[in-house]
4 protein chains.
Amino acid sequence: MKEKDLNELIEGSNEEQIAEKKLKILEAAIKVFSEKGFEGSRTSEIAKEAEVAEGTIFKYFKTKKDLLSGLLIPLSIKFLRPLIMKSAEDILKKDKENATEEILKELFLDRLSLIKKNMPLIKTVLVEAIYHDELLEPIKEQVVPQVLQLLDSYVDSHKQNGDFNDYNTRLISRTMMSLLMGYIVLSSVFPEFFSLNEDEKEIESIVDIFLNGVKNKGEQI
Amino acid sequence: MKEKDLNELIEGSNEEQIAEKKLKILEAAIKVFSEKGFEGSRTSEIAKEAEVAEGTIFKYFKTKKDLLSGLLIPLSIKFLRPLIMKSAEDILKKDKENATEEILKELFLDRLSLIKKNMPLIKTVLVEAIYHDELLEPIKEQVVPQVLQLLDSYVDSHKQNGDFNDYNTRLISRTMMSLLMGYIVLSSVFPEFFSLNEDEKEIESIVDIFLNGVKNKGEQI
Amino acid sequence: MKEKDLNELIEGSNEEQIAEKKLKILEAAIKVFSEKGFEGSRTSEIAKEAEVAEGTIFKYFKTKKDLLSGLLIPLSIKFLRPLIMKSAEDILKKDKENATEEILKELFLDRLSLIKKNMPLIKTVLVEAIYHDELLEPIKEQVVPQVLQLLDSYVDSHKQNGDFNDYNTRLISRTMMSLLMGYIVLSSVFPEFFSLNEDEKEIESIVDIFLNGVKNKGEQI
Amino acid sequence: MKEKDLNELIEGSNEEQIAEKKLKILEAAIKVFSEKGFEGSRTSEIAKEAEVAEGTIFKYFKTKKDLLSGLLIPLSIKFLRPLIMKSAEDILKKDKENATEEILKELFLDRLSLIKKNMPLIKTVLVEAIYHDELLEPIKEQVVPQVLQLLDSYVDSHKQNGDFNDYNTRLISRTMMSLLMGYIVLSSVFPEFFSLNEDEKEIESIVDIFLNGVKNKGEQI
DNA sequence: TATGAATGAGTCTTCATTCAT
DNA sequence: CATGAATGAAGACTCATTCAT
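Residues numbered from 1 in each chain as written. Chains lettered and ligands numbered in written order. Predicted model: local features only at pLDDT ≥ 70, side-chain atom pairs only at ≥ 80, totals over all residues. Heavy atoms only, no water.

(A) Seen up close, the protein's contact with DNA strand E. Every one of the 30 residues lining DNA strand E counts as a neighbour, but Thr-56 of chain B, Arg-42 and Lys-64 of chain C together with Thr-56 and Tyr-60 of chain D are closest to it. Protein-proximal atoms of DNA strand E, defined as those within 4 Å of the protein, fall in sugar or phosphate at a share of 68%. At 3.2 Å from a phosphate oxygen of DNA strand E is found a main-chain nitrogen or oxygen belonging to Ser-41 of chain A. Between DNA strand E and the protein, one listed contact pairs a phosphate oxygen with a backbone N or O atom of Ala-53 of chain D at 3.0 Å. At the level of elements, helix 4 (54-60) of chain A, helix 4 (54-60) of chain B, helix 4 (54-60) of chain C together with helix 4 (54-60) of chain D are the ones that each hand at least two residues to the surface near DNA strand E. Per-class residue counts for the surface near DNA strand E are eight nonpolar, 12 polar and 10 charged. (Near = heavy atom within 4 Å. Polar contact = N/O pair within 3.5 Å; in protein donor to acceptor, adjacent residues only side chain to side chain. Helix = DSSP H or I, 4+ residues; strand = E, 2+ residues; numbered from the N terminus. Nonpolar A, V, L, I, M, F, W, Y, C, P; charged D, E, K, R; others polar.)

(B) Here's a closer look at the protein's contact with DNA strand F. Close contacts around DNA strand F come from 30 residues, with Thr-56 and Tyr-60 of chain A, Lys-64 of chain B, Thr-56 of chain C together with Lys-64 of chain D the closest. Backbone sugar and phosphate groups make up 70% of those atoms of DNA strand F lying within 4 Å of the protein. Ala-53 of chain A places a main-chain nitrogen or oxygen 2.9 Å from a phosphate oxygen of DNA strand F. When contributions to the surface near DNA strand F are tallied by element, the ones reaching two or more residues are helix 4 of chain A, helix 4 of chain B, helix 4 of chain C together with helix 4 of chain D. Taken together, the residues of the surface near DNA strand F break down into eight nonpolar, 12 polar and 10 charged.

(C) Structural context of the packing of helix 9 (residues 133-160) of chain C against helix 10 (residues 169-189) of chain C. Residues and elements named next belong to chain C. Running from N to C, helix 9 and helix 10 point in directions that differ by 120°, and their axes come no closer than 9 Å. Seen from above, helix 9 lies across helix 10 with right-handed handedness. Contacts between helix 9 and helix 10 pair Val-147, Leu-148, Leu-151, Asp-152, Tyr-154, Val-155, Asp-156 and Lys-159 from the former with Thr-169, Arg-170, Ile-172, Ser-173, Met-176 and Met-177 from the latter. When the residues that make up the contact of helix 9 with helix 10 are grouped by side-chain class, the tally is eight nonpolar, two polar and four charged. (Axes fitted to C-alpha atoms, helices over the stretch in contact; angles between N-to-C directions. Left-handed = near helix turned anticlockwise from the far one by under 90°. Contact = heavy atoms within 4.5 Å.)

Read these as geometric descriptors, not functional statements.
Below you can see the structure in the form of structure tokens.
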């Protein structure tokens, strides 16, 4: 019941609504794929995880491969949509009132929690995209442009009002992505080496370096 | 013969010496694993690539999984060793003579070419480490510490001579790694979005931002 | 309604009455079985062909196998009954009035059209009888005796009035069956080799050879 | 050893030689297919029958379907080749010395024993050809023309020397095939109805009717 | 030592059959 | 009665691994 309502709420229409069981199977697939990889996963395990019979999977997805491609839909629903909808407004609005540091920190923290919340899904799709070109295409056509549109426009507006130096816009956007991705990957894969503080402090430091660099300017006076 | 001698030379000891055929198999494994992933690879294909019979693989490696673990040895030979040997001296030596920008650019470019040259190996080991904890361990014990020792000492010396601000050393090292990794990953996976210039110029920009940040200080007025 | 009445009329009793839907399913089964063979047929396809839900099939037939056995009933209704009813009287009646050639031609043509009209049903039952003994039994008990009774009695009467040589009756009946079956099978499976003329002319030739043989008696001189 | 020699003998060359194990699998397939039909057969059963592992089947035949197509080769080797080689000479040679009755009887008996010896193979290929067009094609292109060439030429020569009436050659050939096929099918499927005598006597009767017809001519005098 | 034919456990996938609605 | 979603047993096929040569 609750699940259904939630689903409708997110979707806003019955058209796109995904059958309850189909959703359960996809969620199980995300879990298992993210733990074992696509080729290392067994449809039998996905079925058990989804609490359906193995045959049921193939009622909804013609092949195991289709299960993987099917993850692209939840990816855009669960990750991409909130990414765009919330940010477009929020960031630009607050932008004028607060200091750049604050805005960036909030932006990074927000993205961080969004990514962490959808980690298994994102991880699976990205890793498998390495080996399955069909997955990479939609990412190139949907995900990356969406993210870049957001970042680029943010960067551009700051270049225009003189906050940012006149670097290539895309270079700045890429730097932001690198810093966030790098932090996430390194601190989660090698926490003993790279998890220095709680997320908030870390993000603050990252933003600081991003804005001011590591070079000591003070002594030049 | 020649191969063997070379091998011995590199190794410096007979103990670690890898049989000619074993090496060929490992190289084939790197190629195939990097293209299809570990689970997606077939020992038959590796055998064909290595120009040996399928059975021969199992003379050198008890199981397919052992092939993967076996990659850790070439990883340290082909990637790690040059990483340390060359850099430790060179960089620190030149450090005093040249400007920080130059040194960093050279360091980044050097690492970049080293990584690119060993991409299939690195890619395979890192991706598979996600799913096979046995792989992650040696990386945590060998690779990361080696890399960090190099970076940290570099960063520390610059903090001491006042070139770098007083950020946490590891934070700076992580930032360097993030920027380089981010560049490599993004520009190779999504070249149409992130390959802005040839490597040298890109690295220059990255170093510039790393040192000075993107914020316009107004001091230029 | 109309269908039901007709059905009752044909059957002459309620006992044997076949439900409308059951009939539709059986007809669909005949079609699909005759195209793909029993094992090669899918209950899902039969259901679609019969325009019922897949589950409905199993309301009328406990198993798929029962569907095949169920075909024996239409076989006797659609093929056997007309075979006997019409022929028994007609042929023997006309027998005295017309030349043997004419009678045989008519008989063969009649059987030919009856077989052709029920080809899918006959083909299915006969082919599957090869692999399912349960099907062969009713054929041995019902179909063959019926056909033989008709043929044998025809042959016997001709032997008695001196038209036919004194071959074993069953041998003559078998020859008639062989000639008709052979023509049907060969000309339908390999039309490019064996379809020489329209059916009527073919049957005429067959009857001619059946009666006179291929040997040149020299009497024509 | 013996098997191998025999094989070589039959083939006459190493080129066409079929691997011992491949032959064993094909023979098992013939047996199982002829008992259960193609779709009703299990590769596991064929493997057990052939005394090989299930996987071995797929080393020699990519798919189960290929096993069926593979039967066409033994068909031509075991059935077709002897059919042609022996007959072409033998029959035409003896033809001049003996009475037509004798020749035909011998021919029919010879074909009969050849067919009976290869019954499972012939049965399988013919029955499955109904549902698999790929099988029918080679039969139309190889088998039927070969058989017809033999029969037609026999018939033609008898028409020319005045032994046979001037029926269409193909009609006579078809009649011969119908009579033989009809006898084989009817007497083996329904022996209780159609197995009147031992084969030799049966064939004699069939030849007699084929040549002279069933009509009583004597009384016309 | 190296081979590659053979193995058979394990996989994805199908499909007859069931059963809650 | 009729439905069709769900089931899960069973099938074709794959592939790491073995072993006689």
